[in-house]
Amino acid sequence: GACCSYRLRDALHPLWQSPLTIPGGTRQSPINIQWRDSVYDPFLKPLKISYDPTTCLHIWNNGYSFLVEFDDSTDRSIIVGGPLENQYRLKQFHFHWGAINDWGSEHTVDSKFYPAELHLVHWNAVEYPNFEEAVMEGNGLAVIGVFLKLGARHEGLQTLVDALPAVRHKDTVIEFDVFDPSCLIPSCPDYWTYAGSLTTPPLTESVTWIIKKKPIEVDEDQLEAFRTLLFTSDGEEERRMVDNFRPLQPLMNRTVRSSFH
Ligand SMILES: NS(=O)(=O)c1c(F)c(F)c(-n2cc(CC3CCCCC3)nn2)c(F)c1F
Ligand SMILES: [Zn+2]
């Protein structure tokens, strides 16, 4: 009947083609972070981040976002502490952004969107043999989320922006051999944390999310540079890579904890 076709049409988001809500999903991402409902947890440790810039490998356009990938064959770029029981290895980082500055982030804070959001994806190499297996386990991944807001030009981001024309089309890649992503993470230690999922296929419920309270500032030209990328391969009809964020998911029976009062 009309109702179920409406639900089905509504659930198949054009970008992902797969259902937007995972049947039986109880810890899906992204979510709205209601600041006053977050619970201060005094037992949360500071997050320790140690990246080796020479583990950077390449930038590639995978048709959802542009990913900067790292050599995760050793423990040279890791995070530990915070809400995490183990240390996690950096695998890649990427961004989500909007067609205009009014939206673009995946998480929201008190229902406010930022124009973009950075995700640094790490996996639990203590307990699992590789990233692909870790993606399927409840404590397999840890993703640091950093909001981007419109403001001053970000010099560290500019080296990335300068490389984007070379990965304009889907499935293009360029070598990117030295980059320290900690320059993209605010020095303020405050974060929220909650149990969630990948926001792209396979949408598995394997992510401990660590969302930094403080955004980084980037300027209009840098956001516009993201919007010059394409979802499409060379030779296909061009579709601009914008609005590559998943809609908000129900909080269900979850509490967001804060590392700060
Ligand atoms: N937004 S997010 O939640 O931070 C986020 C992530 F956490 C990810 F892990 C990925 N991810 C997806 C794959 C394909 C793999 C292909 C082989 C099977 C495992 C997935 N590689 N990394 C991702 F694309 C993404 F957007
Ligand atoms: Zn992401």
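Residues numbered from 1 in each chain as written. Chains lettered and ligands numbered in written order. Predicted model: local features only at pLDDT ≥ 70, side-chain atom pairs only at ≥ 80, totals over all residues. Heavy atoms only, no water.

## Structural notes on the overall build of the protein chain
What the protein chain contains, in helices and strands, is 4 helices and 15 strands. The C-alpha atoms of the protein chain give 18 Å as radius of gyration, which agrees with the globular expectation for 261 residues (18 Å, within 12%). Across its three principal axes, the protein chain shows a C-alpha extent of roughly 55 × 50 × 40 Å. In the protein chain, which comprises 261 residues, the share counted as buried stands at 54%. (Helix = DSSP H or I, 4+ residues; strand = E, 2+ residues; numbered from the N terminus. Rg over C-alpha atoms; globule rule 2.2 N^0.38 Å. Buried < 20%, exposed > 50% of the residue type's maximum accessible area, 1.4 Å probe, protein only.)

## Here we look at the coordination of the zinc ion (ligand 2)
Coordination sphere of the zinc ion (ligand 2), protein contribution only: His94 (NE2), His96 (NE2) and His119 (ND1), at 1.9 to 2.0 Å. Between consecutive donors of the zinc ion (ligand 2), the numbers of intervening residues give the motif H-x1-H-x22-H. Highlighted residues: histidine 94 in strand S7 (residues 88-97) and histidine 119 in strand S9 (residues 116-123), separated in sequence by 25 residues. In this pair, the class of histidine 94 matches that of histidine 119, namely buried. (Donors = N, O, S within 2.8 Å, 3.2 Å for Na, K, Ca; no water.)

## Regarding the pattern of salt bridges
Under the definition given, this model contains 10 salt bridges. Between glutamate 155 and arginine 153 there is a salt bridge, and its shortest N-O distance comes to 2.9 Å. Residue classification places glutamate 155 among the exposed positions, given a relative accessible area of 52%. Residue arginine 153 is classed as partly exposed on the basis of its relative accessible area, which comes to 45%. A cluster of three or more residues bridged by salt bridges with shared partners is formed by Asp52, Asp71 and Arg76. (Salt bridge = Lys/Arg side-chain N within 4 Å of Asp/Glu carboxyl O.)

## Observations concerning the site of ligand 1
Around ligand 1 sit 16 residues, and of these Gln92, His96, Leu198, Thr199 and Thr200 come closest. One of the side-chain nitrogen or oxygen atoms of glutamine 92 is found 3.2 Å away from a nitrogen atom of ligand 1. In the model, a nitrogen atom of ligand 1 is placed 3.3 Å from a nitrogen or oxygen of the histidine 96 side chain. Computed on the free molecule, ligand 1 has an accessible area of 550 Å², of which 76% lies beneath the protein chains in the complex. Contributions of two or more residues to the shell around ligand 1 are made by S7, S9, helix H2 (131-134) and strand S10 (141-150). In terms of residues, the shell around ligand 1 owes the most to one element, S7, which gives 3 residues. (Near = heavy atom within 4 Å. Polar contact = N/O pair within 3.5 Å; in protein donor to acceptor, adjacent residues only side chain to side chain. Areas by Shrake-Rupley, 256 points an atom, 1.4 Å probe, with all protein chains shown as cover.)

## Examining the packing of aromatic side chains
By the definition in use, this model includes 14 aromatic pairs. On the basis of an interplanar angle of 40 degrees and a centroid distance of 5.9 Å, the ring pair of phenylalanine 70 and phenylalanine 93 is categorised as tilted. Of this pair, phenylalanine 70 sits in strand S5 (residues 66-70) while phenylalanine 93 sits in strand S7, placing them 23 residues apart in sequence. Its relative accessible area of 2% is what places phenylalanine 70 among the buried residues. By the ring-pair criterion, three or more aromatic residues cluster together here, those being Phe66, Phe70, Phe93, Phe95, Trp97, Phe176, Phe179 and Phe226. Across the ring face of tyrosine 114, the terminal group of lysine 112 is positioned such that the distance to the ring centre comes to 4.7 Å. Between the NZ or CZ atom of lysine 213 and the centre of the ring of phenylalanine 260, over which it lies, the distance is 4.8 Å. (Phe/Tyr/Trp six-rings, centres within 6.5 Å; stacked < 30°, edge-to-face > 60°. Lys NZ or Arg CZ within 6 Å of the ring centre and 35° of its normal.)

## Brief notes about the side chain of serine 77
By the element assignment, serine 77 lies in the loop between S5 and strand S6 (78-81). A polar contact is formed between the side chain of serine 77 and the side chain of threonine 55, at a distance of 2.8 Å. Apart from residues lying up to four places away in sequence, serine 77 is in contact with Ser50, Tyr51, Asp52, Thr55, Tyr88, Arg89 and Leu90. (Contact = heavy atoms within 4.5 Å.)

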